[in-house]
Structure formats: C-alpha cells, structure tokens
Amino acid sequence: MLISNKTGHGAGPISQAFVTLRMNRIGCSVDRIRKDRILHEALAGGADPLHLSLVFGISHSTAARYSAVAEHLLADELDQTPQP
C-alpha cells in the first residue's frame, strides 16, 4: 500500500507522478516491482503458467518464461539443500 501526505487521511489513490518520483529516488521502478511480484507468485504457486497468465493478465509465452525461471530456481534450491 502506498500513501502520500494528501491521501494518508482518506481513501483516495496516490498519483502516478508520486509513485514515479519516489521509486526513481531509490532506483526502482514500478515495472521492476511487477516483475518481482510475478516471479514470487510463480515460486509460491508451483510455477503454473496458466495461473500466472490468469492472475496477471500476461500472455501464455510470458507466463511460460516466468515458470521456467521459477522451476530453475526451485531446482537449484533443492540441489543446495543439505542431506541428512
């Protein structure tokens, strides 16, 4: 949730300019946050491309790429797990 001095006491949305200015100050973009959120969902949801496509409104090919990255990361994580 993002709030500004103007929206902190109400229910109105913040402006796009507010978001852009604040994100640029810390070297981040809204697009980067969206990409991270999609990847996080892919990791948490078992890398299901159909789920990603429906939830985020992305194409099937884009969803498949996120799923492939998530599967690769999950496989690496399993490989690095210490064996008892």
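Residues numbered from 1 in each chain as written. Predicted model: local features only at pLDDT ≥ 70, side-chain atom pairs only at ≥ 80, totals over all residues. Heavy atoms only, no water.

Asks: Requested: an account of helix α3 (residues 49-56), with residues and values cited.
Replies: Listing the buried residues of α3 in full gives L52, S53 and F56. Angularly, the buried residues of α3 cover 100° about the axis, an arc narrow enough to put them on a single face. For α3, the capping residue at the N-terminal end is D48, with a side-chain oxygen 3.2 Å from the backbone nitrogen of L50. (Buried < 20%, exposed > 50% of the residue type's maximum accessible area, 1.4 Å probe, protein only. Helix = DSSP H or I, 4+ residues; strand = E, 2+ residues; numbered from the N terminus. Arc of directions from axis to C-beta. Polar contact = N/O pair within 3.5 Å; in protein donor to acceptor, adjacent residues only side chain to side chain.)

Asks: Tell me about unusual backbone geometry, residues and numbers included.
Replies: A positive phi angle, close to 60°, is found at A47, a residue other than glycine. Here A47 is to be found in the loop between α2 (30-44) and α3. Assessed through its relative accessible area of 5%, A47 is described here as buried.

Asks: How would you explain the environment of E71 if you had to name every residue and give the values?
Replies: Tracing the sequence through the fold places E71 in helix α4 (residues 60-79). Exposure remark for E71: the relative accessible area of 47% places this residue in the partly exposed category. For the pair E71 and L43, spaced 28 residues apart in sequence, the C-alpha to C-alpha distance is 7.6 Å.

Asks: Break down the pattern of salt bridges for me, with residues and values.
Replies: Taken as a whole, this structure holds 3 salt bridges when the rule is applied. Note that D31 and K35 form a salt bridge whose closest N and O atoms lie 3.2 Å from each other. Residue D31 and its partner K35 are both found in helix α2; the two are separated by 4 residues, about one turn of the helix. On the basis of relative accessible area, D31 is assigned to the partly exposed category, the value being 44%. (Salt bridge = Lys/Arg side-chain N within 4 Å of Asp/Glu carboxyl O.)

Asks: So, the side chain of T62: which residues are in play, and what are the values?
Replies: Positionally, T62 belongs in helix α4. You can call T62 buried: its relative accessible area is 18%. A polar contact is formed between the side chain of T62 and the side chain of S59, at a distance of 2.9 Å.

Asks: Tell me about a nonpolar patch on the surface, and name the residues and values.
Replies: Together, L43, V69 and L73 give the surface a local cluster of nonpolar side chains, amounting to about 210 Å² of exposed area. Tracing the backbone through its elements, the reader meets L73 in helix α4. Given a relative accessible area of 37%, L73 falls into the partly exposed group. (Patch = residues over 30% accessible without salt bridge, like charges linked within 9 Å, V, L, I, M, F, W, Y side chains within 5 Å. Areas by Shrake-Rupley, 256 points an atom, 1.4 Å probe, with all protein chains shown as cover.)

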